[in-house]
Amino acid sequence: MPNLKDLKNRIASVKSTRKITKAMQMVAAAKLRRAQDAAEMSRPYTERFNAVMAGLAASAGGEGAPKLLAGTGSDNVHLLVVMTAERGLCGGFNGNISKLARAHAAELKAAGKTVKILTVGKKGRDAIKRDLEQDFVGHVDLSEVKRIGYDNAHDIARDVLNRFDAGEFDVATIFYAKFQNVVSQIPTAQQIIPFDVPEGTEADESALYDYEPSEEAILADLLPRGVATAIFSALLENGASEQGARMSAMDNATRNAGEMIDKLTIEYNRSRQAVITNELIEIISGAEAL
């Protein structure tokens, strides 16, 4: 049984931890509002862009279509772009994305496909590298980036497109967490090369258009932009999901610390009462002996 000094030190330690988790919760709550606004404001643009792309793809999907739309004619080599956070202490956010990517990689390998992995975010790299280090082809470090912008997504997209043009892979899929609310972030896999219409997207058929230049020429310019747009949207969703997960995790940690302090305080009071009782018994016994 720990003595009074040990219990007192432990209570003080847990109180210090609670102060830290409470502060991190408040910081995450402040960052969440901005990140959530950015993610939600990007959704209408992304959905509209995908609708236009779906309409163009439907009319230009025959022979002569760009490789980013039609593909290479094979699906033997897959590039998995796994996007996670640079920091931890956000519950199962990083682990859930990594788990989905590992499961997808296992399915592809079981089907005889070749898997290559590009990670964005240190936590994803650390989590996946233990099992799939031999499949790694690159890593994007965003630890020095204070606020995610389109330039960051453009740089990642350019790296992916350069690898595609060099014939390093046939299919590219991004993995991220779609933000729902503070307690719900859904791990998501989205194919970006060749262009695959996201589930729930309807082609823009509300009006008839005459394209100048041709649909193929427009797609040749729009498809690379579509890759960058999909990556940027995923980064924004990830940013909001990370802060929501961290806020929830730190709230749980703060409440758990409070419960532990209550239990330790009760144990401390009981131990202190036992010490006082023993001292009184000794005094009374000594007085009776005299």
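Sequence order sets the numbering: in each chain, residues are counted from 1 along the sequence as written. Given that the model is predicted, a residue must reach a pLDDT of at least 70 before its local features are reported, and side-chain atom pairs must reach 80 or more before they are shown or counted; all residues, however, enter totals for whole chains, interfaces and linings. Computation of side-chain values: all heavy atoms of the structure, hydrogens and water removed.

**Some points on the sheet that holds strand β5 (residues 184-193)**
Here's step 1: The strand order β3-β2-β1-β4-β5 describes an open sheet built from 5 strands, whose pairing is mixed. Looking along the sheet, the strands with just one partner apiece sit at the ends: β3 (136-140) and β5. Across the sheet, the mean angle from the axis of one strand to that of its neighbour is 25°, orientation sign disregarded.
Here's step 2: Pairing between strands is defined by DSSP: at least two bridges between the two strands are required. Every helix listed is a DSSP run of H or I at least four residues long, and every strand listed is a run of E at least two residues long, numbered separately from the N terminus. Bridge count between strand β4 (residues 171-181) and β5: 9 bridges; the pairing is antiparallel. Note on β5: the bridge partner recorded for K178 is I186.
Here's step 3: It only takes one pair of heavy atoms within 4.5 Å for two residues to be counted as in contact. Axis definition: a line fitted to C-alpha atoms, over the contacting stretch in the case of helices. Angles run 0 to 180 degrees between N-to-C directions. Lying over the sheet, helix α4 (residues 122-132) contacts β1 (77-83), β2 (114-120) and β3, oriented at roughly 165° with respect to β3.

**What to know about a positive patch on the surface**
Here's step 1: Residues enter patches when they are more than 30% accessible in relative terms and free of salt bridges; like-charged ones are connected within 9 Å and nonpolar ones (Val, Leu, Ile, Met, Phe, Trp, Tyr) within 5 Å. Using a 1.4 Å probe, the Shrake-Rupley method yields the accessible areas, and only the shown protein chains count as cover for residues. Salt bridges are identified by distance alone: a Lys or Arg side-chain nitrogen within 4 Å of an Asp or Glu carboxyl oxygen. Lys and Arg are tallied as positive, Asp and Glu as negative. Neither His nor the chain termini are counted. Positions of charges follow a simple convention, taking NZ of Lys, CZ of Arg, CG of Asp or CD of Glu. Taken together, the side chains of K31, R34, R87, K122, K123 and R147 define a basic patch exposed on the protein surface.
Here's step 2: Contributing elements (two or more residues each) for the positive patch: α1 (4-59) and α4.
Here's step 3: Take K122: it is sitting in helix α4.
Here's step 4: Only protein chains enter the accessibility calculation, which uses a 1.4 Å probe. A residue is then buried if its area is under 20% of the maximum for its type, exposed if over 50%, and partly exposed in between. Judged by its relative accessible area of 35%, K122 is partly exposed.

**Let's talk about the pairing of β2**
Here's step 1: In terms of burial, β2 is a largely internal element, 5 of the 7 residues being buried.
Here's step 2: Bridge count for β1 against β2 is 7 bridges, and the pairing is parallel. Paired with M83 across the two strands is V120, which belongs to β2.
Here's step 3: This β-α-β element, β1 to helix α3 (residues 93-110) to β2, shows right-handed connectivity.
Here's step 4: Pairing geometry for β2 and β3, over 4 bridges, is parallel. Looking across to β3, one finds that T119 is bridged to H139.
Here's step 5: Crossovers are described as right-handed under a simple rule: with the strands pointing away from the observer, the path leading from the first strand over the helix to the second runs clockwise. The parallel pair β2 and β3, bridged by α4, forms a crossover whose chirality is right-handed.

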